[in-house]
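In case you want the letters, here they are:
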Amino acid sequence: MKYKSAAQLQELQYFGEFGGVNPSISDSSTYTFLSAKTMFDTFEGNTEGCYLYSRHSSPSNLYLGEALAAMEGTEAANVYASGMGAISAVIMQLCNAGDHIVTSRTIYGGTYAFMKNFLKKYDIATSFVDITNLEKVASQITPKTKMIYCEVVSNPLLEVADIKAMSALAKKHGIPLVVDNTFSPLSIGAAHLGADIVIHSLTKFINGTSDCVAGAVCGTSEFCLSLKDVNEGAGMLFGSTLDSLRAASILKNMRTLHIRIKKHSENAMHLAQCFENDGLKVGYPGLKSHKGHSVFKEQMNTEYGFGGLLTIDVGSLEKANALMEMMQHKNLGYLAVSLGFYKTLFSAPGTSTSSEIPEEEQQEMGLTDGLIRFSVGLDNDIHKTYLDMKACMQELDILEGGVILT
Ligand SMILES: *Cc1c(COP(=O)(O)O)cnc(C)c1O
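Residues numbered from 1 in each chain as written. Predicted model: local features only at pLDDT ≥ 70, side-chain atom pairs only at ≥ 80, totals over all residues. Heavy atoms only, no water.

Chemist: What is the right way to look at the sheet that holds strand β11 (residues 345-347) in this model?
Modeler: Strand pairs in the sheet, formed through backbone hydrogen bonds, run parallel or antiparallel to each other. Taking strand neighbours across the sheet as the criterion, the five strands line up as β8-β9-β12-β11-β10 in an open arrangement whose pairing is mixed. Unpaired on one side and paired on the other, β8 (281-283) and β10 (334-335) mark the two borders of the sheet. (Pairing = 2+ DSSP bridges. Helix = DSSP H or I, 4+ residues; strand = E, 2+ residues; numbered from the N terminus.)

If you want it as structure tokens, here you go:
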């Protein structure tokens, strides 16, 4: 099937109340009704296009949701106050006490902590497996399993999930495949490949300006409505609703997502190739040496590239820290968590975003101390950035004459 969601997103037109080129922002928490009967029906969820209260839905959130649904090619999408707000709502909506989840062992630290520590309180068990090993995934599924969960491209090791194969496995067991596509918007159309529910942290590439946190759930209209149900919807009842002002600003930023993703990918590919030629240990799905290269290639929408994330392993935490500090000092990027900004961001996942994962488990999955994750920025002259980064590595004896001295 030809991927056309980016085009669908471009087709979406909204105008403001006075003919503005951007939709009007809904600046209200509550809405008036002309008749009491309509208010009752809206409460019962029986009226389309009526607004009740902004925790339930608002015009601005609906516009952003429609744009996200168009991008992912799903029937609908809901927006949330953060990626974790979206993830926790989906899991709590689908699982009851006593249920079980099969998930990847390399996932975002917050998701890992939520599944491993928080869900325990509700007697929901989780099996963490190597998601690239389909037999392992299959072997963990029991009659109590309520979903297979994974990241399309995983944090921080950039493992690539075979969505088609996982979707077939989930279907065989009659359970949904829930994926987090935060690392690869546009590059991989997860719903087209068979994912039932696609989650995004909008905080990252989709918003792209590192000025807010937000999240989204893309799926069937039925599932999205169930999350908003006034009596039983996890989204509605946990209250992790996105503010309308933010929804409006994220929608505007989404208008340039296709350009940004192409540039992030182009720059990351350049750095990855140069670093690899220098003899560094590089993890980037665009490189033939990467374990997930062929799976990514098979699933990707070629024009958007292999994404903006890469990792290098400089051998030790001390070297990683020294390199990051020096690169920041030379204005090559910022030592900060998160991703998808115009500026390159780097962090050592073992001590930051994945620190929730116990050390021995980190080792087992290949999350080494010297690993640095780069979210490559929108630099206009990436080769100059590369040369400046290389100079830092040489100064710190990480790189010399093409040999890694770690
Ligand atoms: C950041 C991130 C999240 C969490 O999103 P927030 O907006 O910070 O709540 C979830 N998954 C992935 C892959 C992320 O990078």
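Alright, that's what it looks like, and here's the rest.
Chemist: Can you walk me through the packing of aromatic side chains in this structure?
Modeler: Aromatic ring pairs are defined here through the distance separating the ring centres and the angle between the ring planes. Under the defined criterion, the tally for this structure stands at 10 aromatic pairs. Note on Y31 and Y51: the rings are 5.5 Å apart at their centroids and 40° apart in plane angle, and the pair reads as tilted. Note that Y31 is positioned in the loop between α1 (5-11) and α2 (36-43) and Y51 in the loop between α2 and α3 (59-72), a separation of 20 residues in sequence. By relative accessible area, which is 17% here, Y31 ends up buried. (Phe/Tyr/Trp six-rings, centres within 6.5 Å; stacked < 30°, edge-to-face > 60°. Buried < 20%, exposed > 50% of the residue type's maximum accessible area, 1.4 Å probe, protein only.)

Chemist: Can you walk me through empty space enclosed by the protein in this structure?
Modeler: This structure, assessed with the given rule, holds two cavities of 30 Å³ or more. Of the pockets and cavities examined, the largest cavity occupies roughly 160 Å³. Along its surface, the largest cavity is lined by 16 residues, and R55, H56, N78, V79 and K228 are the ones closest to its centre. Those elements that provide at least two residues to the lining of the largest cavity are α3, β1 (76-80), α8 (221-228) and α9 (234-238). Top contributing element to the lining of the largest cavity by residue count: β1, with four residues. Roughly 60 Å³ of volume is contained in the second largest cavity. Of the residues contributing to the lining of the second largest cavity, the split by class is eight nonpolar, three polar and no charged. In terms of domain composition, the lining of the second largest cavity takes at least three residues from each of domain 1 (5-254) and domain 2 (258-404). (1 Å grid on protein atoms, 1.4 Å probe; cavity = no way out; pocket = protein on both sides within 12 Å on 5 of 7 lines; lining within 4 Å. Points joined across faces, edges and corners; volume = space filled by probe spheres on them. Nonpolar A, V, L, I, M, F, W, Y, C, P; charged D, E, K, R; others polar. Domains from an automatic or database assignment.)

Chemist: In this structure, what is going on with helix α11 (residues 257-277)? I would like to understand it.
Modeler: An α-helical turn contains 3.6 residues, so a residue and the one three or four places further along point in the same direction. Its 21 residues place the ends of α11 30 Å apart at the C-alpha level, agreeing with the 30 Å of an ideal helix rising 1.5 Å per residue. Here α11 has its buried residues at L257, H258, R260, I261, H264, S265, N267, A268, L271, A272, C274 and F275. Each element contacted by the buried residues of α11 is listed here: α1, α3, α10 (244-254), β8, β9 (309-313) and α15 (382-395). Taken from the residues just after α11, G279 is the one with a positive phi, measuring 95°. (Expected span 1.5 Å × (residues − 1). Contact = heavy atoms within 4.5 Å.)

Chemist: Would you explain the sheet that holds strand β5 (residues 177-180) in this entry?
Modeler: In spatial order, the strands read β1-β7-β6-β5-β4-β2-β3; together these seven strands make up an open sheet with mixed pairing. The open sheet has two free edges, formed respectively by β1 and β3 (125-129), since each of these has just one partner strand. Across the sheet, the mean angle from the axis of one strand to that of its neighbour is 20°, orientation sign disregarded. With respect to the sheet, α3 is in contact with β1, β6 (197-201) and β7 (215-219), its orientation differing from that of β1 by roughly 125°. Against the sheet, helix α5 (residues 109-118) touches β2 (100-104), β3 and β4 (145-151), its axis set at about 135° to β3. (Axes fitted to C-alpha atoms, helices over the stretch in contact; angles between N-to-C directions.)

Chemist: Would you mind going over the environment of L157 with me for this structure?
Modeler: Note on placement: L157 falls in the loop between β4 and α7 (163-172). C-alpha separation for the pair L157 and K343, spaced 186 residues apart in sequence, amounts to 21 Å. Among all residues touching L157, those that are not within four sequence positions of it are T106, H290, M365, G366, L367 and L371.

Chemist: What is the right way to look at the pairing of β5 in this model?
Modeler: Side-chain positions along a regular strand alternate between the two faces of the sheet. Of the two faces of β5, the one carrying L177 and V179 and the one carrying V178 and D180 are both buried. Both β4 and β5 contribute to a ladder of four bridges, which runs parallel. Looking at the pairing, E151 lines up with D180 of β5. In this fold, β4 hands off to α7, which returns the chain to β5; that crossover is right-handed. When β5 meets β6, the two strands line up parallel, connected through three bridges. From the neighbouring strand, V178 faces β6, where its bridge partner is I197. (Right-handed = clockwise from strand over helix to strand, strands pointing away.)

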